[in-house]
Structure formats: C-alpha cells, structure tokens
Amino acid sequence: MTRTAQWLYGWLLLLPAAALLALFTHYPTVGTLWQSFHSTPRAGRSSVYVGADNYRALIDDPIFWQSLSNNLWYAGGTIPLSIGLALLMATWVNGRLAGRSLLRLAYFTPTMLPMIAVANIWLFFYTPEYGLLEKLTSAFGLPTHNWLGSKSTALGCLMAVTVWKEAGFFMIFYLAALQQMSPNLAEAAAIEGASRWYFFRRVTFPLLMPTTLFVLVNAVINAFRLVDHVVVMTRGGPDNATELLLYYIYEIGFRFWDPAYAATLTIVLLVVLGLAALGQFGFLERRVHYR
Amino acid sequence: MSAGPYAARGAARGVETATAWLVGALWILPLLYAFWTAFHPGEFSTRFVLSAPLTLANFVKAWHAAPFARYFVNTVLLCAMILAMQLVLCTLAAYAFAHFEFPGRGLLFALVLVQLMVTPDVLIVENYRTMSALGLRDTIVAIGLPYMASAFGIFLLRQTFKTVPKELDEAARVEGCSPLQVLWKVYVPLAKPVYLAYSLVSVSYHWNNFLWPLIVTNSVESRPLTVGLQVFSATDQGIDWSIITAATLLTTAPLLVAFLLFQRQFVQSFMRAGIK
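A quick note: this is a predicted structure, and the numbers were derived from the prediction, not measured.

Criteria and thresholds
- Residues numbered from 1 in each chain as written.
- Chains lettered and ligands numbered in written order.
- Predicted model: local features only at pLDDT ≥ 70, side-chain atom pairs only at ≥ 80, totals over all residues.
- Helix = DSSP H or I, 4+ residues; strand = E, 2+ residues; numbered from the N terminus.
- Rg over C-alpha atoms; globule rule 2.2 N^0.38 Å.
- Buried ≥ 20, exposed ≤ 12 C-beta atoms within 10 Å, placed from the backbone.
- Contact = placed C-beta atoms within 7 Å.
- Domains from an automatic or database assignment.
- Nonpolar A, V, L, I, M, F, W, Y, C, P; charged D, E, K, R; others polar.
- Core = buried A, V, L, I, M, F, W, Y, C linked by C-beta atoms within 7 Å.
- Axes fitted to C-alpha atoms, helices over the stretch in contact; angles between N-to-C directions.
- Parallel < 35°, antiparallel > 145°, perpendicular 65-115°, else oblique.
- Left-handed = near helix turned anticlockwise from the far one by under 90°.
- pLDDT = per-residue confidence, 0-100.

Draft legend 1. Region of interest: the overall build of chain B. When you go through chain B residue by residue, the secondary structure sums to 14 helices and zero strands. Along chain B, helices and strands appear, N-terminal first, in the series α-α-α-α-α-α-α-α-α-α-α-α-α-α. The C-alpha atoms of chain B give a radius of gyration of 24 Å, which is well past the 19 Å a tight globule of 276 residues would have. With respect to the principal axes defined by its C-alpha atoms, chain B has extents near 75 × 65 × 30 Å. Buried residues in chain B amount to 43% of all 276 residues. In chain B, 76% of the contacts between residues at least 6 apart in sequence involve partners at least 24 apart.

Draft legend 2. Representation of the overall build of chain A in the model. Of regular secondary structure, chain A possesses 13 helices and zero strands. Over its C-alpha atoms chain A spans a radius of gyration of 24 Å, topping by over 25% the 19 Å that the globule rule assigns to 291 residues. Projected onto its principal axes, the C-alpha coordinates of chain A cover approximately 80 × 80 × 30 Å. Counting all 291 residues of chain A, 43% fall into the buried class. In chain A, 70% of the contacts between residues at least 6 apart in sequence involve partners at least 24 apart.

Draft legend 3. Fine view of the domain arrangement of chain B. Residue and element names in this part refer to chain B. Here chain B is described as being made up of domain 1 (10–55) and domain 2 (66–274). Computed over C-alpha atoms only, the centres of domain 1 and domain 2 are separated by 34 Å. With five residues of domain 1 in contact, the opposing surface of domain 2 contributes seven residues.

Draft legend 4. Structural context of the interface of chain A and chain B. Every contact between the two is made by 77 residues of chain A and, on the other side, 77 residues of chain B. In terms of residues, the side of chain A that touches chain B owes the most to one element, helix 1 (residues 3–36) of chain A, which gives 20 residues. For the side of chain A that touches chain B, a count of residues per class yields 58 nonpolar, 13 polar and six charged.

Draft legend 5. Molecular detail of the nonpolar core. Ranked by size, the top nonpolar core spans 157 residues in total, and within it Ala86, Met171, Tyr174, Leu246 and Ile249 of chain A together with Ala93 of chain B carry the most contacts. The element best represented in this core is helix 7 (residues 154–180) of chain A, accounting for 16 residues. When residues of this core are sorted by domain, at least three fall in each of domain 1 (10–55) and domain 2 (66–274) of chain B. Those residues in contact with Ala93 of chain B, other than ones at most four positions away along the chain, are Leu13, Leu14 and Ala17 of chain A together with Ile154 of chain B.

Draft legend 6. Spatial organisation of the packing of helix 8 (residues 166–174) of chain B against helix 9 (residues 179–190) of chain B. All names here are of chain B. Following both chains from N to C, one finds helix 8 and helix 9 inclined at 135°, their axes separated by 10 Å at the closest point. Between helix 8 and helix 9, the angle falls in the class oblique. Considering only the axes of helix 8 and helix 9, their crossing is right-handed. Residues Leu168, Asp169, Ala172 and Arg173 of helix 8 lie in contact with helix 9, whose contacting residues are Val182, Lys185 and Val186. Residues that form the contact of helix 8 with helix 9 fall into these classes: four nonpolar, no polar and three charged.

Draft legend 7. Looking closely at unusual backbone geometry. Residue and element names in this part refer to chain A. You will see that Asn240, though not glycine, has its phi angle at about 65°, which is positive. Residue placement: Asn240 occurs in the loop between helix 11 (228–233) and helix 12 (245–254). Here the phi dihedral of Trp257 falls at roughly 50°; this positive angle occurs in a residue that is not glycine. With respect to the helices and strands, Trp257 occurs in the loop between helix 12 and helix 13 (259–287).

Draft legend 8. Geometry of the confidence of the model for chain B. Mean pLDDT over chain B stands at 86; residues scoring 70 or higher make up 93%. Predicted as a complex, the structure gets a pTM of 0.88 and an ipTM equal to 0.86.

Draft legend 9. Broad picture of the environment of Pro254 of chain B. All names here are of chain B. Among the secondary structure elements, Pro254 is positioned in helix 13 (residues 241–261). With 14 C-beta atoms counted inside 10 Å, the residue Pro254 sits in the partly exposed group. Considered as a pair, Pro254 and Ser150 are 104 residues apart in the sequence and their alpha carbons are 24 Å apart.

Draft legend 10. Quick look at the packing of helix 3 (residues 62–94) of chain A against helix 7 of chain A. Residues and elements named next belong to chain A. One can describe the packing of helix 3 onto helix 7 by two numbers: an axis separation of 6 Å at closest approach and a directional angle of 40°. Judged by the angle between their axes, helix 3 and helix 7 are oblique. When you trace helix 3 past helix 7, the crossing you get is right-handed. Looking at the contact of helix 3 with helix 7 residue by residue, the class counts come to 19 nonpolar, nine polar and one charged.

Draft legend 11. The arrangement of the environment of Asn74 of chain B in detail. All names here are of chain B. On the secondary structure map, Asn74 appears in helix 3 (residues 68–99). Among the residues examined, Asn74 registers 23 C-beta atoms within 10 Å and is labelled buried. Expressed as a C-alpha distance, the spacing of Asn74 and Thr139, which sit 65 residues apart in the sequence, is 9.9 Å.

Draft legend 12. Main features of the environment of Gly104 of chain B. Of note, Gly104 of chain B is situated in the loop between helix 3 and helix 4 (105–117). Separated by eleven residues in the primary sequence, Gly104 of chain B and Gln115 of chain B place their C-alpha atoms 18 Å from one another.

Structure below.
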C-alpha cells in the first residue's frame, strides 16, 4: 500500500468517530469557555461579551464555594473508603473463604443497579421515623434523627450510598490483578521469613499499583460526574449541605436557566478534572511499576 | 486461588470470615429490604413478621400508574442504538490507530483520550444548546448522540487490535483481501471477547444513565426508564413506598436478572474492560 493510501485509509476510518467527538466533546469544551465570557441572553437583549464578570460573580457566590468544598469533602471521603474497601473485599474473595462466590455476588450486585434506583431504595432506608435506619437506632434507644434532613449528616448519608455502590465495582479490578499474581512470590517471601503485613506492603501493594491508579482515575471522575443520588435524595439541601458541583451546574443551567453562569461553573469543573489528570500523570511517571 | 503461606489461620481466619460476611450482609441488606417492601402489603413495609402475606399488587399498581411499557421500549431502543453505533465507530477508529500510519495520528489519539476525562456527562449545558440547534431536543437520538464515539471503546479496541499477529494480517492481504476485509475477517473475530465485554459495560452504563436523559427529554415518548422512574416517584405517588420500591425493582429487573444468570460473563467482562 502506498503512503498516500495509508494516510487516506487512516483518516477516512477515523472520520465518523472524530466528527462526533469534535461535535460533542471538543466543540462544547471550547464553547463552554466562550460562553463563560458572555452574558445570558434575556428577553429583548442578546448575549454580549462581559469579560470576567461571570468569574467575578462566581468568586462572590457563597453557594459555589460551598458546592466546591462539599464536592472535595465528598471526593476525599468516598475515594479512599471505596478503594480501601474494594482492596479488602478482593483479598477476601480471592482467598479460601467459605461461600466465596456468594460473597462476590453480594459485593458486586450494587454496581449493576442504576444509581437512581439505588438512591430510591436508600431514601426509604433513611426516612425519618419510618425507615429501617430509624427502626434500628430506636431499637438501641437512640433519639430519632432526620438523617437526610439535617446539615450535619446529609452529605455523609450520600457518601455512604456512593461507597456502597462503588466498592464492589473496584473490587473486580483488584480481584483480576490478584488472580494474575504468581503464588511463587508468596512462597518465596514466606521462606525469607517476611510477615504477612510486610509481604502486603512491599510486594502485593506495589504490584497492584497500576490497578490502584486505574481505579483511582475512575473514582475521581465519578466523584465529580455522578450526582443522580443528589437529584433523588436531597436536591442539594438541606441549606446547600449536599450541593455538589455538577448538581449546582444543573440547577443553574436548567432550573434557573442561566447558561452563561452554568458554563462558568463548568469551567471550574473542567479545571478540577484537568488537575486530577495532571496529578495522576505525575504520579504515574514516578510510582507505578510496569510489568 | 490456593491458600498460600499468607492465608489467615485459626482464630484470625474466623475473624476474617466473619468480617467478610458482615460486610456482605450490609451490602445485600438494602436490596433485601427493597424486596421485602415490594412484595408485601403497605402496612408490612417496615414490620418484619414472617406471617406477612406475599403480594404482587404493588407491581401491578406501579405498572398501571405510569407508562412503564413505553419507558422499557425507549430504554431498549436507546441502548441498542448506542451500542450499534459505538461498535461500528470504535472499530473503524481503533483500526485506523492500530494499523495505519498517517500524519497527526498521535495528536488525534490524544484528542480522543480527552473524552476519558471530559465525559459527556459534564458538558450538559453546551450539549443541550447543540441539541436545540439541531432540533433534536426530546428525542432518543439526542440522548445517545454524545456517547456514540466512545474514547473508552476506541482505546480498548486499539489495544486489542495491536496484539493481532502481523503474520495473520499479511497472509490475508496476500490472499487479496482489501483493508476492510482484513478488518472484518481477521481483526474483528479475534477481538470477540473484547466486544462482548465492551457491550456488557456499555449496556449497563446506558441502561442506568440518568442526568443527561433527564435534561434533554420531557415527554413520555422519549424518556428512558431511569427518568420515568424519577418522574413517577417524585410526583405521582406521594410517599407510597411499597409502590415506589416495586417500580424501582421493576425498572432494574431485566438487568438484574441478566446479571444473575450470566454472572461469570459479567464479572469477567468488567475485569477485561479494566485491564489494558
């Protein structure tokens, strides 16, 4: 095949996917930036260039800051917890545990359910007085508490749902990696007299690093991408205590119909995701062991 | 799989098993609770007595209270359309990246990978504007379009195509196959397990997707199940939990049943999709 034919084939094969990607990923990314420097068109007034006005409004918007900090707390809580649990679960179902396959099923099932369904089920679980959680706490003689209705516990309740849903998903990847590890490693280490914890810390964990990185990338994206449960369970309340960034964008964009400000908020979200990507690349360069 | 020298022994093993099962019970509890509520009359939804009568009335009520049949059709159409387009587009693009030398290949691949971080779920404001401009708002096509060129699919298939031995490729070409015939006769058959894995992941993702469909649809004719369920439980029902839970189980049933039947394939597919 001639060089030109190679070029032509390459480009033509790529064209349909590239066109769609350009239209629904690259163009909207640039469009978001463009919008963030313009005003929202109102009745009788079209959109005009407003410089950094939207960004100034953003800095003065306490709800934005709260949603950002909520989202960081949410990410900081759910990511390590679900990854840690996933690793534990994987080692459990990888070992010679009684009822291993049943356990694996129990851990993994939440992954298959839509977040929206999961949120409905948990909403009932958290219902004041009537829900299962209240029944349990009142059985122990604790006072009744509105779990989703009070500022101090609402975000924690959402985090519990997320960890419950995601840990089993991440477990699968750890399980795959563990099953690929040679048993000779453990035998050799045992002969050398390494303790169980030492073996995990110095052999298993480093070997799982590529998996951890893959899972981490997924967890970070999900922490900023998935707000279905906020829509169902709290709608950002009480008093913005569960306002997450993407949910706030949804509210501004589609309930207050202010696309310019929503675009400005989206830029912040894109910057956060970009920073996460950069951080992970740096991390990848230095710490990950490749096979 | 074997016990190995570092498996817990004696009392430690007992503690480990017990903890693992306790977590397992916690993980399955909300589901069992949902099943209990859905299959019993309302007055037993939080009273756990063995004599409680079983009933399907909640399911019947839920089914008649909202156009779930239509939502089912919409979701199936949506998933099928997205998957068909993804398989074709990603196969062609992956073949280009894995097999052809052309200027801009590296840059274009990097541009594709951008979508792994900047997923369509995040670009809702601008994509809504685009759909309005295209006159596609409130259609099933609009829900699917942003997801059809999937960076994840392209990446996964490119990695797979790269492992195809050069000899097979050359042999096919000596036989007189055109590049597209080589793709169809050599590459695609060899990647079958990856296609299965990708399909399962894609269908379960789009069956469950919610925020974008919620934004871009507003009629029964285009709403998928997830949005239909939310509209139903948020407005129509007050707080009749038995019916809401029944509706919830109803909408997840096909996926859940498929998962329980083909557990091994599902788990292996998710594993395969994760290992690059």
